Amino acid sequence: MSRKILIIEDEHSIATLLSYNLEQAGYETMVANDGKQGHDLALSENPSLIVLDLMLPGMDGVEVCKSLRQQKCFIPIIMLTAKDEEFDKVLGLELGADDYMTKPFSPREVVARIKAVLRRADNAVALKDDPSAPIVFGNLNVYPDRFEAFLNGEAIEFTPKEFELLVYLMENKNRVLTRDQLLRAVWKYDFAGDTRIVDVHISHLREKIEENSRKPMYIKTIRGLGYKFEEPKAG
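A brief report on the enclosed structure follows. All of these numbers come straight from a predicted model, not from anything done at the bench.

Some details on the sheet that holds strand E12 (residues 226–229)
Then step 1. Taking strand neighbours across the sheet as the criterion, the 3 strands line up as E10-E12-E11 in an open arrangement whose pairing is antiparallel. Sheet topology places strand E10 (177–178) and strand E11 (219–222) at the edges, where each strand pairs with a single neighbour.
Then step 2. Here E11 runs beside E12; their pairing, made up of 4 bridges, is antiparallel. Its bridge partner being in E12, Lys220 is matched across the sheet by Lys228.
Then step 3. With respect to the sheet, helix H8 (residues 196–209) is in contact with E11 and E12, its orientation differing from that of E11 by roughly 145°.

Here it is in structure tokens:
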């Protein structure tokens, strides 16, 4: 059974190019030409992944992404941005997009990115079928098998990619991990990626698990190298 990709893009030529190449790669596609239509299709059709343009008539890409995440819809989202929309790319990722691509892009890159994002989502779901004990550090309890995490007994909501990043950091506690290492391990790109994606998601994790994200107890920045996950010191 082919997987369904929802394309939310108001430029007819780009939507047609995406749809053609994804169908050639074996996916089923749906196209929405404005944000509201795409938002409603995401909720009603439950696609495997959403390709979401940032600039849309009516409801823009950031609004669509934010609304879906607020409604606990964690379908993977790849956001499309123009070359000069740097701030918006970071904002989109912070709101819960799983990846972004800059126009213009090659059909080969589109398919590769979608495969990578779907693979991460599949891995997160597969964890549910592999029972294991929770990973516990301080007041943070993470259950890889159940795709659940609790801080001080309160459940934390994660996107699949955020959860995979957190589990990877915890499984490699006390190791300094470079941005390139994290990009390869969690994003699994077969081509050069953008390490700023790592920084955005580390920031997002800190907002969710740290009491004070400016003075993190768990995810430490190792200046000039990368990041390290540590257990908080007692007292």
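Structure shown, so let's carry the discussion forward.
Here's the deal with the environment of Ser2
Then step 1. Looking at where Ser2 falls in the secondary structure, it is placed in the segment before strand E1 (4–8).
Then step 2. By relative accessible area, which is 35% here, Ser2 ends up partly exposed.
Then step 3. In this view, Ser2 contacts Gly26, Tyr27 and Glu28; residues no more than four positions away in its chain are not counted.

Regarding the sheet that holds strand E5 (residues 99–102)
Either a parallel or an antiparallel arrangement is found when strands of a sheet pair, and the pairing is made through backbone hydrogen bonds.
Then step 1. Taken together, the 5 strands give an open sheet; going across it, the order is E2-E1-E3-E4-E5, and neighbouring strands pair in parallel fashion. Every interior strand has two partners, whereas the edge strands, strand E2 (28–32) and E5, have only one. Averaged over all adjacent pairs, the angle separating strand axes in this sheet is 20°, with direction ignored.
Then step 2. Here strand E4 (residues 77–81) pairs with E5 via 4 bridges, running parallel. Each bridged residue has a counterpart across the sheet, and for Leu80 the counterpart in E5 is Met101.
Then step 3. Across the sheet, helix H2 (residues 35–45) lies against E1, E2 and strand E3 (49–53), angled at about 165° from E1, the strand it touches most.

Cut-offs and rules
Here the residue index of a chain counts from 1 through its sequence in written order. Given that this is a predicted model, residues contribute local features only at a pLDDT of at least 70 and side-chain atom pairs are listed and counted only at 80 or more, while totals for whole chains, interfaces and linings are drawn from all residues. In computing side-chain properties, one takes all heavy atoms of the structure into account and sets aside hydrogens as well as water. Paired strands, in this sense, are two strands between which DSSP finds at least two bridges. Think of it this way: any DSSP run of H or I at least four residues long counts as a helix, any run of E at least two long counts as a strand, and we number them from the N terminus. The contact definition used throughout considers only heavy atoms, calling two residues in contact when any of these lie within 4.5 Å. Each axis is a line fitted through C-alpha atoms, taken for helices only over the stretch in contact, and angles between the N-to-C directions span 0 to 180 degrees. For every residue, the accessible area obtained with a 1.4 Å probe (protein chains only) is divided by the maximum for its type, and the residue is called buried under 20%, exposed over 50%, and partly exposed between those limits.

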